[in-house]
Amino acid sequence: MSRYILELKDVHKIYEVSREVKVHALKGVNLRVKEGEILIVMGPSGSGKSTLLNIIGTLDKPTSGRVIIDGVDITDLSERELVKFRLRKIGFVFQMYNLLSSLTSLENVMLPIIISGHLSESEAKSRAETLLNIVGLSDKLNARPIQLSGGQQQRVAIARALANDPAIVLADEPTGNIDVVSTVTILKLIKSINKFLGTTFIIVTHNPDVALIGSRIVNIRDGILYEHGKVPHITIDEAFDDIEMLELQLRFLKEELKSLSKMYRDGKIRKEEYLERISALDRRIKMIEKVVNIEA
Amino acid sequence: MNSTFIKFAIKIAIRNVRIRKTRTILTVLAVTYSVATLIALRTVGIGVHEKIASEIRAFLRADIIISEESVVIPEGIVNILESELKHVDYIIPAILVTGKLGVHSTSILAVEKEGLEKLSIELSKGTFFKSEECYEIILEEELAHRMGINEPGGEVILSINVGNLFIEKKFKIIGIAKRASSLAKVMGFTIAIVPLPVLQDMLGREGFINHIFVKVSSDDMIEAVSRDIKTLFPRANLIKQTEVIEAVSRILDIIRGTLSAVTLVGLLVAALGVMNTVMMSIRERIHEIGVLKAIGASGLQVMTIFLSEVLAIGLSGGALGCIVGYWGSHILRRIIIKLGLPFDIPILIVPEVYAWGIFIAISVSIVAALYPISYVLRIRPVEALRFE
């Protein structure tokens, strides 16, 4: 039975533009997202999508209501605690990619790992390399963002979002600036990562194609959330015949396993957290191994 | 914050500095200019001070001078001083009065024969006194030049005014002495030297003098020896070499203070330049700051990246300022000489001055950057991300 990775309880957000003018952006949103889901949030401009995403991403605080991520009620955490939480639990993919222009792809992916301070530079580098392999950019490790196409930049951004193996990746119009062919690549990638790395995705989009990879769609209108029910399944699952990519993901998980035990040995994480994460990793590794064996 | 992150922050900072080349270079130049001015003025200042101190020493020719206007000090005091004072190299009894050689006013110094060597008076032409009873005179170059005398050998009338009396004697010019101090030239001070017993005889003051030159073994002992002299002769009128140097230094300090004010204005301009650069850099990259904060960088970590940039600017400005400042002090020296100061200023490399230069460059840059950088700490990621 999957547990809830995200719970929003009666979340309101009111922006005070001036003393008289108040904007009620979210009006009592209740939402539960299971671990391993791809939740699609659809809605027109000004419907409160971005506000919702910012609150889930801990970048903004609700006016009232509770936000619980991975079992932690983060509503009342201080900015300092939120920064730490964000670093570990949440990955962001933006519409405009938002890579640091002065850094190479490899360095951009290394950045969150280095900020977290858990791994050495060489460990961070090998991990970033694996992630860039997974997103299919092993030949662009030393390219600057300006030398990459939009689709490639977005794949670097996805690798960066995965750098600290977050519980949730939040994507705001991830294909908004990308051509159709690249969109398909990115969607396949998200689906595959979701399935085999077990990462939960919450994607805000206008694009009905993007909605196709979702396991659930919700609509937001004028600050109110409407559940849609299940999404018709589509054939993008066929992307999983890519054994090579699965093997790369397997390698990433095994490396993750190694660095987890190192972090535990170094006293950087507590025992309960270590055991919990080890068992989650184990599950995912077994799952990939099963698929790979069947295919082979 | 760990060292891996700091290394990464420096890497990002250096890349950004390179991307914004022109602006960085201009800011670095502003810092360079102010540090260079600071170093050049200070180096030349120290050189001038050293030079003037050595000129004063050469001019006074002693560390302590006991002086009276009229010839009233009994010569016996010299013996008492010689037996009582410690840390003293030599003591020279002398008479120093003003007189006229023909129509030329000059100072007349009367010392014993061995006193001449101790005062390190060198002759360019002629000889020292043959005996102390002869009416012989040595003229300083400058004085000889004014009197139109090129070679020793002629005679000259020396007249000295004592009270209502006018005493005149004929002296034989036996030597011409080199000028020992350029300060004397600046002050228009000239000197003629005669044997002590001869002047005493001429003035009718046998056994009396009005100056005693004391040479102390080291500069540190000047105070102690002066105290000892005061204990022996409480009413003695003392001139200390150190006091004269101090008095002159005070005047130099005022000049230096004025110049420092000019430097400070330069420093302020540099600080504003750094502040502007950092502000622009931050404004341009607010979005990037938002991204960094969203992916989990703390305010302190983002600040480290910007501080590294500031440090790079400060450090390169400081280092460049040291080099330019060194050459600048040579140029400044030439300008000062061109302006008519008659002596060559030594350019001394004082490590402290350069260390200060770099320290000031870095600290001014950091202080200037504090305000814009504090913004990085305050801004929330949502606001920063919204900024295009």
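See the structure shown above.
For every chain, the first residue of its written sequence is number 1, and the numbers climb from 1 along that sequence. Here the convention is simple: chains get letters from A, ligands get numbers from 1, in the order in which they are written. Local features in a predicted model are, by the rule used here, given only for residues with pLDDT of at least 70; side-chain atom pairs are given and counted only at 80 or more, and totals for whole chains, interfaces and linings are based on all residues. Calculated side-chain values reflect all of the structure's heavy atoms, with hydrogen atoms and water omitted.

K.L.:
Outline the overall build of chain A, supporting the account with residue identities and numerical values.
P.N.:
Secondary structure elements are defined from DSSP: runs of H or I of at least 4 residues count as helices, runs of E of at least 2 residues count as strands, and each element is numbered from the N terminus. Along its length, chain A carries nine helices and ten strands. Whether a residue is buried, partly exposed or exposed follows from its accessible area with a 1.4 Å probe, protein chains only, as a fraction of its type maximum: under 20%, in between, or over 50%, in that order. The buried share among the 296 residues of chain A stands at 57%. Two residues qualify as a contact provided that any one of their heavy atoms is within 4.5 Å of a heavy atom in the partner residue. Put simply, of all contacts in chain A between residues at least 6 apart along the chain, 71% involve residues at least 24 apart.

K.L.:
Describe the environment of Ile-74 of chain A, and please don't skip the residues or the numbers.
P.N.:
All names here are of chain A. With respect to the secondary-structure elements, Ile-74 resides in the loop between strand 5 (72–73) and helix 2 (79–89). Taking relative accessible area as the criterion, Ile-74 reaches 4% and is therefore assigned buried. For the pair formed by Ile-74 and Lys-61, sequence separation is 13 residues and the distance between their alpha carbons is 9.3 Å. Excluding residues within four positions of it along the chain, Ile-74 makes contact with Thr-58, Val-67, Ile-69, Leu-82 and Phe-85.

K.L.:
Tell me about the nonpolar core, and please be specific about residues and values.
P.N.:
The criterion is simple. A nonpolar core is a set of buried Ala, Val, Leu, Ile, Met, Phe, Trp, Tyr and Cys residues joined through side-chain atoms within 4.5 Å. Ranked by size, the top nonpolar core spans 137 residues in total, and within it Leu-6 and Ile-202 of chain A carry the most contacts. The element contributing the most residues to this core is helix 8 (residues 243–265) of chain A, with eight residues. The contacts of Ile-202 of chain A, once residues within four sequence positions are left out, are Leu-6, Val-33, Leu-39, Val-41, Leu-53, Ile-56, Ile-168, Val-169, Leu-170 and Ala-171 of chain A. Ranked by size, the runner-up nonpolar core spans 43 residues in total, among them Ile-77, Ile-137, Phe-171 and Leu-196 of chain B.

K.L.:
How would you sum up the interface of chain B and chain A? Please name residues and give values.
P.N.:
Where the parts come together, the accessible area they lose is often given as the size of the interface. The interface of chain B with chain A comprises 25 residues on the first partner and 25 residues on the second. Between chain B and chain A, the buried area comes to about 2400 Å², and carbon and sulfur atoms account for 62% of it. Considering only the surface of chain B that becomes buried against chain A, Phe-8, Arg-15 and Ile-295 of chain B emerge as the three largest contributors, covering 27% of it. By definition, a salt bridge exists where a carboxyl oxygen of Asp or Glu is found within 4 Å of a side-chain nitrogen of Lys or Arg. One can count four salt bridges joining chain B with chain A. With its nearest N and O atoms 2.7 Å apart, the salt bridge here joins Glu-107 of chain A to Arg-15 of chain B. Nitrogen and oxygen atoms within 3.5 Å of one another constitute a polar contact, given that in protein one can donate a hydrogen and the other can accept it, and given that sequence-neighbouring residues count only through two side-chain atoms. Our count for the contact surface shared by chain B and chain A stands at nine residue pairs in polar contact (both at pLDDT 80 or more). Of all elements in the fold, only helix 1 (3–19), helix 10 (286–294) and helix 13 (381–386) of chain B reach the threshold of two or more residues within the side of chain B that touches chain A. Defined in terms of a 1.4 Å probe, buried area is the accessible area two parts forfeit on being brought together, summed over both.

K.L.:
Kindly report on the packing of aromatic side chains, identifying the contributing residues and their values.
P.N.:
In summary, the pairing rule links any two rings of Phe, Tyr or Trp, Trp by its six-membered ring, whose centres are within 6.5 Å, and it sorts them by plane angle into stacked for under 30 degrees, edge-to-face for over 60 and tilted for everything else. By the definition in use, this model includes five aromatic pairs over all chains. Between Tyr-264 of chain A and Tyr-274 of chain A, the ring centres sit 4.2 Å apart and the planes meet at 5°, which makes this aromatic pair stacked. Residue Tyr-264 of chain A is located in helix 8, and its partner Tyr-274 of chain A is located in helix 9 (residues 271–295); the two are separated by ten residues in the primary sequence. Here, a charge over a ring means that NZ of Lys or CZ of Arg falls within 6 Å of the ring centre while also lying within 35 degrees of the ring normal. A cation sits over an aromatic face here: Arg-205 of chain B above Phe-208 of chain B, 4.6 Å from the ring centre. The positively charged end of Arg-283 of chain B is found above the aromatic ring belonging to Tyr-375 of chain B, 5.6 Å away from the centroid.

K.L.:
How would you sum up helix 7 (residues 196–203) of chain B? Please name residues and give values.
P.N.:
Residue and element names in this part refer to chain B. Across the eight residues that make up helix 7, a large majority, six, are buried. If you check which residues of helix 7 are buried, you get Leu-196, Val-198, Leu-199, Gln-200, Met-202 and Leu-203. For helix 7, the secondary structure elements touched by its buried residues are strand 3 (88–101), strand 4 (104–111), strand 7 (155–162), strand 8 (165–177), strand 9 (191–195) and strand 10 (208–209). Two residues or fewer after helix 7 comes Gly-204, characterised by a positive phi angle close to 70°.

K.L.:
Which residues make up empty space enclosed by the protein, and what are the values?
P.N.:
Using a grid of 1 Å spacing that covers the protein atoms alone, one calls a set of points a cavity when a 1.4 Å probe fits there but cannot get out, and a pocket when the set is open and has protein on both sides within 12 Å along at least five of seven lines; lining residues are those with an atom within 4 Å of a point. Grid points are joined across faces, edges and corners, and a volume is the space filled by probe spheres set on the points. Enumeration according to the criterion identifies six cavities of 30 Å³ or more in this entry. Here the largest cavity defines a volume of roughly 80 Å³. Secondary-structure elements contributing two or more residues to the lining of the largest cavity are strand 6 (136–140) and strand 9 of chain B. Each residue is assigned to one of three groups, with Ala, Val, Leu, Ile, Met, Phe, Trp, Tyr, Cys and Pro labelled nonpolar, Asp, Glu, Lys and Arg labelled charged, and all others, Gly among them, labelled polar. Within the lining of the largest cavity, the residues separate by chemical class into seven nonpolar, no polar and four charged. Volume-wise, the second largest cavity comes out at about 70 Å³. The wall of the second largest cavity is formed by Arg-86, Leu-87, Ile-90, Gly-91, Phe-92, Pro-112, Arg-160, Ala-161, Ala-163, Asn-164 and Pro-166 of chain A together with Ile-295 of chain B. Here the lining of the second largest cavity is composed, by residue class, of eight nonpolar, two polar and two charged.

K.L.:
Residues and numbers for the packing of helix 4 (residues 121–134) of chain A against helix 8 of chain A, please.
P.N.:
Residue and element names in this part refer to chain A. For the pair helix 4 and helix 8, the least separation of the axes is 9 Å and the interaxial angle reads 155°. Taken together, helix 4 and helix 8 sit at an angle that is classed as roughly antiparallel. For the crossing formed where helix 4 meets helix 8, the hand is left-handed. Only Met-245, Leu-248, Gln-249, Arg-251, Phe-252, Glu-255, Glu-256, Ser-259 and Lys-262 of helix 8 make contact with helix 4, whose side of the interface consists of Glu-123, Ser-126, Arg-127, Thr-130, Leu-131, Asn-133 and Ile-134. Split by residue class, the contact of helix 4 with helix 8 holds five nonpolar, five polar and six charged. Axis angles are defined between N-to-C directions and span 0 to 180 degrees, where every axis is a line fitted to C-alpha atoms and, for a helix, only to the segment in contact. When an angle is under 35 degrees it counts as roughly parallel; over 145 it counts as roughly antiparallel; between 65 and 115 it counts as roughly perpendicular; any other value is oblique. Rotating anticlockwise by less than a right angle from the far helix to the near helix defines a left-handed crossing, while the corresponding clockwise rotation defines a right-handed one.

K.L.:
Account for the sheet that holds strand 2 (residues 22–34) of chain A, with residues named and values stated.
P.N.:
Residues and elements named next belong to chain A. With antiparallel pairing, four strands are arranged side by side in an open sheet as 2-1-4-5. The two strands at the open ends of the sheet, each matched to only one other strand, are strand 2 and strand 5. Paired strands are those between which DSSP finds at least two bridges. Here strand 1 (residues 4–16) runs beside strand 4 (residues 64–69); their pairing, made up of five bridges, is antiparallel. Residue pairing in the sheet places Leu-8 in a bridge with Val-67 of strand 4. Sitting on the sheet, helix 1 (residues 49–56) touches strand 1, strand 2 and strand 4, and the angle it makes with strand 1 is about 125°.

K.L.:
Can you explain the pattern of salt bridges? Please cite residues and give values.
P.N.:
Under the counting rule described, the total for this entry stands at 38 salt bridges over all chains. In this structure, Arg-32 of chain A and Glu-7 of chain A form a salt bridge, with 3.4 Å as the shortest nitrogen-oxygen distance. Within this pair, whereas Arg-32 of chain A is found in strand 2, its partner Glu-7 of chain A is found in strand 1, the two being separated by 25 residues in sequence. The partly exposed category is assigned to Arg-32 of chain A, whose relative accessible area is 45%. In this structure, Glu-243 of chain B engages Lys-240 of chain B in a salt bridge whose closest nitrogen and oxygen atoms are separated by 3.3 Å. By relative accessible area, which is 40% here, Glu-243 of chain B ends up partly exposed. By relative accessible area, which is 12% here, Lys-240 of chain B ends up buried. Residues joined by salt bridges that share partners form a network here, namely Arg-3, Glu-35, Asp-70, Lys-89 and Glu-276 of chain A.

K.L.:
Hey, could you go over a nonpolar patch on the surface for me, with residue numbers and the actual values?
P.N.:
All names here are of chain B. Exposure above 30% relative accessible area and the lack of any salt bridge qualify a residue for a patch; like charges then connect within 9 Å, and the nonpolar side chains Val, Leu, Ile, Met, Phe, Trp and Tyr within 5 Å. We get accessible surface area from the Shrake-Rupley algorithm with a probe of 1.4 Å; when it comes to residues, only the shown protein chains can shield them. Together, Ile-25, Leu-26, Leu-29, Leu-320, Ile-323, Val-324 and Trp-327 line one region of the surface with nonpolar side chains, adding up to about 690 Å² of accessible area. Where the nonpolar patch is concerned, the elements lending two or more residues are helix 2 (21–60) and helix 11 (299–338). Mapped onto the fold, Ile-25 is located in helix 2. Judged by relative accessible area, which is 47%, Ile-25 ranks as partly exposed.

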